[in-house]
Amino acid sequence: LPITTNGRNFYYSDYRTTGGMKVYRYDNYTCCSGSYFQCMADYHNLLYYHDEEGLYVNLYVPSEVAWNRAGTQVRVRQETEYPIEDLTTLTVEASGNVVAFPLRFRVPGWCEGMSIRVNGSAVNVQTTPGTWATISRIWQPGDRVQVTIPQSFRWQVVDAQHPERAAIVRGAVVMPLEFRYLEPSFRPPRT
């Protein structure tokens, strides 16, 4: 819908997990109503990366990737309820019997205590926040990798210029304030 008088626009970015409404935003000229959709459309480009050696798992979402590793077709399927749960499971398949390559997992900068299991056994791998945890091995078809990403609550300062402004965050998710400003009957105070 077009922008109305005084810059009010229809606002779709209602992030409430219990469901939301599409309403005219109470303030003017929001940025999210345009850029949010653009970001969502690009997510599939950010899930996995690869170089000549290995595969990188960047985002933890239900997905599947196919990759040609030195003539062998490798397929990795990711099953997860992240960020609702702390666990994501990846299954490795290959067109041949075995294939060797490093599989790298993004360790979020806020994450302490990330752990990885392969076929049920703990793997001793460095999981420093803000880096990539790497497992280099010969992968067998059907190998399963379980990555646990602990998500604790914390205060997160919004930016360095405003250290007194903070959000309550669990893992990567900012906890929203359930407030009626998205309800059709809400009218902000006049200033």
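Higher on the page you've got the structure.
In this report, the structure presented in the accompanying data block is examined. Computed from a prediction, not measured in an experiment: that's the story for all the values here.

How each quantity is defined
- Residues numbered from 1 in each chain as written.
- Predicted model: local features only at pLDDT ≥ 70, side-chain atom pairs only at ≥ 80, totals over all residues.
- Heavy atoms only, no water.
- Core = buried A, V, L, I, M, F, W, Y, C linked by side-chain atoms within 4.5 Å.
- Buried < 20%, exposed > 50% of the residue type's maximum accessible area, 1.4 Å probe, protein only.
- Helix = DSSP H or I, 4+ residues; strand = E, 2+ residues; numbered from the N terminus.
- Contact = heavy atoms within 4.5 Å.
- Phe/Tyr/Trp six-rings, centres within 6.5 Å; stacked < 30°, edge-to-face > 60°.

Re the nonpolar core
One broad trend across soluble globular proteins is that nonpolar side chains are buried collectively.
Then, number 1: Ranked by size, the top nonpolar core spans 29 residues in total, and within it F101, L103, F105, M114, I116, W139 and V145 carry the most contacts.
Then, number 2: Of all the elements in the fold, those that place two or more residues in this core are β4 (55-57), β5 (63-69), β6 (72-80), β7 (87-94), β8 (99-106), β9 (115-118), β11 (132-139) and β12 (143-148).
Then, number 3: With four residues, the single largest contributor to this core is β8.
Then, number 4: The residues touching F105, leaving out its near neighbours within four places in the chain, are V57, Y60, L90, M114, I116, T131, W132, A133, I135, V145 and V147.

Notes on the packing of aromatic side chains
Then, number 1: This structure, assessed with the given rule, holds four aromatic pairs.
Then, number 2: Centroid distance Y60 to Y82: 5.9 Å. Interplanar angle 75°. Geometry classified as edge-to-face. Residue Y60 is located in the loop between β4 and β5, and its partner Y82 is located in the loop between β6 and β7; the two are separated by 22 residues in the primary sequence.
Then, number 3: On the basis of relative accessible area, Y60 is assigned to the buried category, the value being 3%.
Then, number 4: Relative to F101, the ring of W67 has its centre 5.2 Å away and its plane inclined at 80°; by these criteria the two rings are edge-to-face. Placement of W67 in strand β5 and of F101 in strand β8 is noted, with a sequence separation of 34 residues between them. For the pair W67 and F101, a shared accessibility class is recorded, and that class is buried.

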